[in-house]
There are 2 protein chains.
Amino acid sequence: MPQSSEDAIGRIEARPPLSVTPPTLADVAERAGVSRQTVSNAINNPDLLRPDTLTRVLESIDALGYSPNRAARNLRTRASHLIGMRIGPAQEGTANATMDRFVHSLVDTSREAGYHVLLFAGAESSTNPLSGYDDLLRSTAVDAFVVTDTYLGNPQAAWLEERRAPFVAFGRPWDAQQNGGRARHSWVDVDGAAGTELATRHLLDKGHERIAWIGWRKDSRIGEDRRSGWTRALHGRGLPTTGLASRVEDTVASGREASAHLLDSAQPSAFVCASDTLAMGVLHTLRDRGLRAGEHVAVVGFDDSQVAQVVPPGLTSVRQPLEQVAVEVVTALEGLLAHPPVVGTGVMLVPTLAVRGSS
Amino acid sequence: MPQSSEDAIGRIEARPPLSVTPPTLADVAERAGVSRQTVSNAINNPDLLRPDTLTRVLESIDALGYSPNRAARNLRTRASHLIGMRIGPAQEGTANATMDRFVHSLVDTSREAGYHVLLFAGAESSTNPLSGYDDLLRSTAVDAFVVTDTYLGNPQAAWLEERRAPFVAFGRPWDAQQNGGRARHSWVDVDGAAGTELATRHLLDKGHERIAWIGWRKDSRIGEDRRSGWTRALHGRGLPTTGLASRVEDTVASGREASAHLLDSAQPSAFVCASDTLAMGVLHTLRDRGLRAGEHVAVVGFDDSQVAQVVPPGLTSVRQPLEQVAVEVVTALEGLLAHPPVVGTGVMLVPTLAVRGSS
DNA sequence: GGCGACCGCTTGATCGTTCCAATGACACCA
DNA sequence: TGGTGTCATTGGAACGATCAAGCGGTCGCC
């Protein structure tokens with residue numbers, strides 16, 4: 001027996017292929033001469049074991065290359081250690097990279113917390129924004145959701161709340177006032193107004209006084225929030241905003257048109273935009289007119305997308321601290337899944353400004 | 001009994017919240033007056049049931065809002081219906097959007113095939129490229145993997161093959177020649193050479209004759225493959241390539257430097273690049289010298305990233321058919337997981353050219 | 001008339017883990 | 001000595017689904 005045991009140790013490096021059934025708790029237990037439950041404890045509550053028993057069990061686990069079967073564990077504990085996140089259709093023709101960066105951060109962060117990220121998409125056929133959530137929830141495929149598109153009027157948050165489904169929103173609950181001022185669910189968000197204020201102040205410090213705004217339509221709360229930072233910064237220095245703002249769709253073409261009109265009507269020397277996409281529209285207009293961004297006209301975008309980072313001469317942009325958002329989201333999720341659960345936490349983070357050649 | 005039954009039907013719209021334990025197979029069976037197995041068959045093999053029994057069971061399923069418990073099903077069938085995909089660290093300062101677009105397509109496609117996508121990241125501490133795979137595999141958390149970074153020397157494919165782990169590679173097996181000419185695993189790839197040939201021909205048709213190449217270092221098989229398309233197109237028209245090529249790191253700065261050197265030494269009228277990142281470097285150089293892309297010098301990139309789509313005046317770029325790649329990957333995965341498994345299929349797809357203002 | 005195949009459905013066993021209650025061993029204290 | 005308590009460990013029973021075998025009944029075939 002010692003002989004074969006040594007053989008096994010020597011084989012740790014080259015573990016057997018998985019073509020055969022993987023070892024189970026019972027296999028480990030038998031090898032270590034203990035019961036199944038003791039092996040389970042060695043993994044989940046090591047301090048319950050006597051030190052010598054623990055080492056013996058761990059040695060067996062290592063020798064056999066054992067990992068707990070997730071399905072069995074999930075079945076028993078009624079938890080999957082999976083976080084569901086729905087991704088919308090890929091946006092082409094825009095500079096929207098927020099979600100991709102966030103997904104990366106979320107995957108990294110949740111791994112450290114022992115969670116994996118399950119991506120899903122809504123059914124192609126239906127435009128129902130709840131599509132996908134329902135099924136994953138009822139089949140107990142995920143423990144919780146991360147909801148990212150919490151624009152006003154989005155039914156997801158309300159629906160999930162009603163279902164008592166654990167979820168954390170990336171995006172503040174914009175309709176909180178109507179509900180009595182306090183959200184019933186947890187959320188994490190970035191202070192967009194602070195970002196645009198930062199951007200506008202940066203331009204003011206550079207000597208600009210006529211700073212235009214290109215943002216989204218008025219029904220976008222996020223857009224209006226970002227716009228308020230621009231207003232605040234200008235009014236703070238006693239400068240007017242009249243005639244310097246435009247609200248359009250979030251496309252390059254819209255940004256191009258809006259900036260062309262503004263240049264003609266108000267002669268601004270700088271633009272602050274609600275997105276990098278709109279800012280790229282401004283760069284198009286500048287190119288059309290033979291103007292150089294950063295020399296003749298300054299431009300600032302929002303999101304610090306890849307586009308902002310690589311476009312000549314570099315687009316100054318408000319950068320959301322997505323890594324930190326992910327950390328806060330996971331922290332909130334752990335709170336939700338704890339016993340007893342911690343609900344209704346809200347965290348607001350502050351963006352930074354990535355300064356580049358365009359300003 | 002009919003009365004309560006009707007009540008239940010009326011309540012289909014407003015399903016009960018999930019705060020209580022969800023219904024199980026047994027609940028449905030009891031309500032429908034059949035056995036558990038019959039309910040199971042109603043879901044997995046409907047044609048085994050008599051039509052009237054089937055409708056009765058389905059009605060019960062609907063009334064109770066039943067969905068099979070994933071964990072229990074996974075445990076019994078030894079399948080998770082999850083596809084694992086590792087994502088690398090987010091690349092900042094580049095235009096590499098291939099993976100994000102691919103992830104979207106993969107999520108969409110695999111949903112239709114009944115699979116979800118599980119994202120994971122390598123352990124931050126270790127640089128071991130196998131980190132993460134091992135654990136997911138042994139714990140039977142995923143049915144198969146999609147491997148995306150199959151550059152030469154990458155140990156993942158070999159390791160997974162050795163483990164008999166089902167996986168499909170996005171990227172051809174570059175070392176196949178050394179292994180006897182035929183890959184033992186399934187793969188899907190895009191013909192990069194065809195893409196650059198397409199791009200170069202496009203420039204030739206526009207009248208360009210001195211077309212430069214900016215690609216990656218020689219040890220990159222992908223880079224050399226893409227380069228060969230440029231060579232082939234030029235030689236096909238009897239044009240020389242000498243002195244017109246540069247091989248550098250995949251960064252904007254490298255592309256900028258390389259294009260500056262080439263402009264000085266060889267006066268090309270057009271550039272074909274191995275990536276949009278490098279192409280952006282060229283745009284930087286053009287801006288530095290007061291030249292306009294698409295008017296004085298033509299530029300073509302590779303990947304059709306968001307950057308290419310929004311940068312003024314639009315960057316012509318080779319577009320990989322990632323939606324189709326995803327479809328082929330999922331098809332191959334279904335083959336792998338079938339009984340008996342279908343292994344070793346290889347699919348090569350052809351890219352297209354998205355023509356924009358830069359050419 | 002006898003044999004086998006098929007139909008539609010049921011029953012008991014099983015997947016691999018964790019929860020629960022109970023076990024024996026041992027130390028402590030009265 | 002006996003009671004009490006803690007510690008380390010154990011065996012049995014879930015968790016909720018599918019698999020495998022088998023039920024009685026009907027049909028077709030030689």
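Residues numbered from 1 in each chain as written. Chains lettered and ligands numbered in written order. Predicted model: local features only at pLDDT ≥ 70, side-chain atom pairs only at ≥ 80, totals over all residues. Heavy atoms only, no water.

Trainee: Hey, could you go over the relation of the copies chain B and chain A for me, with residue numbers and the actual values?
Mentor: Mapping chain B onto chain A calls for a rotation angle of 180 degrees and an axial translation of 0.0 Å; the resulting RMSD is 0.1 Å. Look at the turn and shift together and you get a two-fold axis relating the two. When the interface residues of chain B are mapped onto chain A, 99% of them again lie at the interface, so the same face is used by both copies. (Least-squares fit on C-alpha atoms with pLDDT ≥ 70 in both. Contact = heavy atoms within 4.5 Å.)

Trainee: Residues and numbers for the side chain of H208 of chain B, please.
Mentor: All names here are of chain B. Among the secondary structure elements, H208 is positioned in the loop between α9 (192-205) and β6 (211-216). H208 sits in the buried class, given a relative accessible area of 17%. Within the structure, H208 has its side chain in polar contact with the side chain of S269 (distance 2.6 Å). Ignoring any residue separated from it by four or fewer positions in sequence, one finds H208 in contact with L203, S269, A270 and A298. (Helix = DSSP H or I, 4+ residues; strand = E, 2+ residues; numbered from the N terminus. Buried < 20%, exposed > 50% of the residue type's maximum accessible area, 1.4 Å probe, protein only. Polar contact = N/O pair within 3.5 Å; in protein donor to acceptor, adjacent residues only side chain to side chain.)

Trainee: A description of the protein's contact with DNA strand D should follow, citing residues and the corresponding values.
Mentor: Near DNA strand D, the surroundings consist of 26 residues, among which T53 and R76 of chain A together with L25, Q37 and S40 of chain B are the closest. Within the side chain of T38 of chain A, one N or O atom sits 2.5 Å away from a phosphate oxygen of DNA strand D. The contact in question runs from a phosphate oxygen of DNA strand D to an N or O atom on the side chain of N44 of chain B, over 2.6 Å. Partitioning the surface near DNA strand D into residue classes produces nine nonpolar, 10 polar and seven charged. (Near = heavy atom within 4 Å. Nonpolar A, V, L, I, M, F, W, Y, C, P; charged D, E, K, R; others polar.)

Trainee: Go over the interface of chain B and chain A with me, naming the residues and quoting the values.
Mentor: Every contact between the two is made by 75 residues of chain B and, on the other side, 74 residues of chain A. Counting the surface lost from both chain B and chain A, the interface buries some 6,300 Å², and carbon and sulfur atoms represent 55% of this. Together, R138, R287 and V310 of chain B form the three largest contributors to the area buried by chain B at its contact with chain A, with a combined 12%. Counting the contacts that link chain B with chain A gives eight salt bridges. For E295 of chain A, the salt bridge identified is with R287 of chain B, shortest N-O distance 3.8 Å. Seen at the junction of chain B and chain A, the total is 31 residue pairs in polar contact (both at pLDDT 80 or more). Elements with a contribution of two residues or more to the side of chain B that touches chain A: α5 (70-77), α6 (98-112), β2 (116-120), α7 (133-138), α12 (276-288) and α13 (306-310) of chain B. For the side of chain B that touches chain A, a count of residues per class yields 34 nonpolar, 21 polar and 20 charged. Sheet topology note: the strand β2 (residues 116-120) of chain A/β2 of chain B ladder contains three bridges and is antiparallel. From the neighbouring strand, L119 of chain A faces β2 of chain B, where its bridge partner is V117 of chain B. (Buried area = accessible area lost by both parts, 1.4 Å probe. Salt bridge = Lys/Arg side-chain N within 4 Å of Asp/Glu carboxyl O. Pairing = 2+ DSSP bridges.)

Trainee: Just give me the short version of the protein's contact with DNA strand C, but keep the residues and values in it.
Mentor: Lining the immediate environment of DNA strand C, one finds 25 residues, of which L25, Q37 and Y66 of chain A together with T38 and T53 of chain B sit closest. When the atoms of DNA strand C within 4 Å of the protein are sorted by group, sugar and phosphate make up 66%. Between DNA strand C and the protein, one listed contact pairs a sugar or linking oxygen with a side-chain N or O atom of R76 of chain A at 3.1 Å. Taking R50 of chain B, its main chain carries an N or O atom lying 3.1 Å from a phosphate oxygen of DNA strand C. Looking at the surface near DNA strand C, the elements that each hand over two or more residues are α3 (36-44) and α5 (70-77) of chain A together with α3 (36-44) and α5 of chain B. Its residues assigned to classes, the surface near DNA strand C comprises eight nonpolar, 10 polar and seven charged.

Trainee: Before we move on, could you go through the sheet that holds strand β9 (residues 298-302) of chain B and cite the residues and values that matter?
Mentor: All names here are of chain B. The six strands are arranged β7-β6-β8-β9-β10-β12 in an open sheet whose pairing can be described as mixed. Single-partner strands in this sheet number two, and they are β7 (245-248) and β12 (352-354). Averaged over all neighbouring strand pairs, the angle between strand axes comes to 20 degrees, with direction disregarded. Packing of helix α10 (residues 221-236) onto the sheet brings it into contact with β6, β7, β8 (270-273) and β9, and relative to β6 it is tilted by some 170 degrees. (Axes fitted to C-alpha atoms, helices over the stretch in contact; angles between N-to-C directions.)

Trainee: Talk me through unusual backbone geometry; I want residue IDs and the actual numbers.
Mentor: Residue and element names in this part refer to chain A. Each neighbour pair has its own omega, and for P312 with P313 the value is 0 degrees, a cis peptide bond. Relative to the helices and strands, P313 resides in the loop between α13 (306-310) and β10 (316-319). Unlike most non-glycine residues, Q267 shows phi in positive territory, near 45 degrees. Counting through the fold element by element, Q267 comes out in the loop between α11 (252-266) and β8 (270-273). Classification of Q267 by relative accessible area gives exposed; the value is 52%.

Trainee: Lay out the nonpolar core in plain terms, naming residues and giving numbers.
Mentor: Residues I214 and F271 of chain A together with I214, F271 and M280 of chain B are the most contacted members of the largest nonpolar core, which totals 88 residues. Not counting chain neighbours up to four residues away, the residues in contact with F271 of chain A comprise L203, A212, I214, S259, L262, L263, V282, V297, A298, V299 and V300 of chain A. Membership of the second largest hydrophobic core comes to 52 residues, among which are V103 of chain A together with V168, A326 and L336 of chain B. (Core = buried A, V, L, I, M, F, W, Y, C linked by side-chain atoms within 4.5 Å.)

Trainee: Outline the side chain of Q306 of chain B, supporting the account with residue identities and numerical values.
Mentor: Positionally, Q306 of chain B belongs in helix α13. The exposure class assigned to Q306 of chain B is buried, which follows from its relative accessible area of 16%. Residues in contact with Q306 of chain B, not counting those within four places in the same chain, are Q91, T94, A95, N96, A97 and V307 of chain A.

Trainee: Kindly report on the domain arrangement of chain A, identifying the contributing residues and their values.
Mentor: Looking at the assigned domains, one finds that chain A contains domain 1 (2-68), domain 2 (82-190 + 323-349) and domain 3 (192-319). Summarising the inter-unit geometry, the C-alpha centres of domain 1 of chain A and domain 3 of chain A are found 61 Å apart. (Domains from an automatic or database assignment.)

Trainee: If you had to explain the pattern of salt bridges to someone new, which residues and values would you point to?
Mentor: This model, assessed by the stated rule, comprises 46 salt bridges over all chains. The partner of D304 of chain A in a salt bridge is R356 of chain A, and the shortest N-O contact between them spans 3.0 Å. Taken together, the residues D304 of chain A in the loop between β9 (298-302) and α13 and R356 of chain A in the segment after β12 (352-354) connect sequence positions 52 residues apart. Residue classification places D304 of chain A among the buried positions, given a relative accessible area of 2%. Accessibility expressed as a relative area gives 21% for R356 of chain A, which makes it partly exposed. Where R201 of chain B meets E197 of chain B, a salt bridge forms, and the shortest distance between an N and an O atom there is 2.8 Å. With R201 of chain B and E197 of chain B both in helix α9, this residue pair falls four residues apart, about one helical turn. Through salt bridges with shared partners, one network takes in E92 of chain A together with R101, D304, R319, E323 and R356 of chain B.

Trainee: Describe the packing of α3 of chain A against helix α4 (residues 51-64) of chain A, listing the residues and the values that go with them.
Mentor: Residues and elements named next belong to chain A. Contact geometry of α3 with α4 gives a least axis separation of 10 Å together with a crossing angle of 90 degrees. When the interaxial angle is binned, α3 and α4 end up roughly perpendicular. Across from T38, V39, A42 and I43 in α3, the residues of α4 making contact are T53, L54, V57 and I61. (Parallel < 35°, antiparallel > 145°, perpendicular 65-115°, else oblique.)

Trainee: Tell me about the packing of aromatic side chains, residues and numbers included.
Mentor: Within this structure, the stated rule accounts for 10 aromatic pairs over all chains. Seen from their ring centres, F102 of chain A and F170 of chain A are 4.8 Å apart, and the 45 degrees between their planes marks the pair as tilted. Note that F102 of chain A is positioned in helix α6 (residues 98-112) and F170 of chain A in strand β4 (residues 167-170), a separation of 68 residues in sequence. The two residues F102 of chain A and F170 of chain A agree in class, both being buried. Feature note: the residues F120, Y133 and F145 of chain A constitute an aromatic cluster, connected by ring pairs. R226 of chain B extends its terminal NZ or CZ atom over the ring of F302 of chain B, reaching a point 3.7 Å from the ring centre. (Phe/Tyr/Trp six-rings, centres within 6.5 Å; stacked < 30°, edge-to-face > 60°. Lys NZ or Arg CZ within 6 Å of the ring centre and 35° of its normal.)

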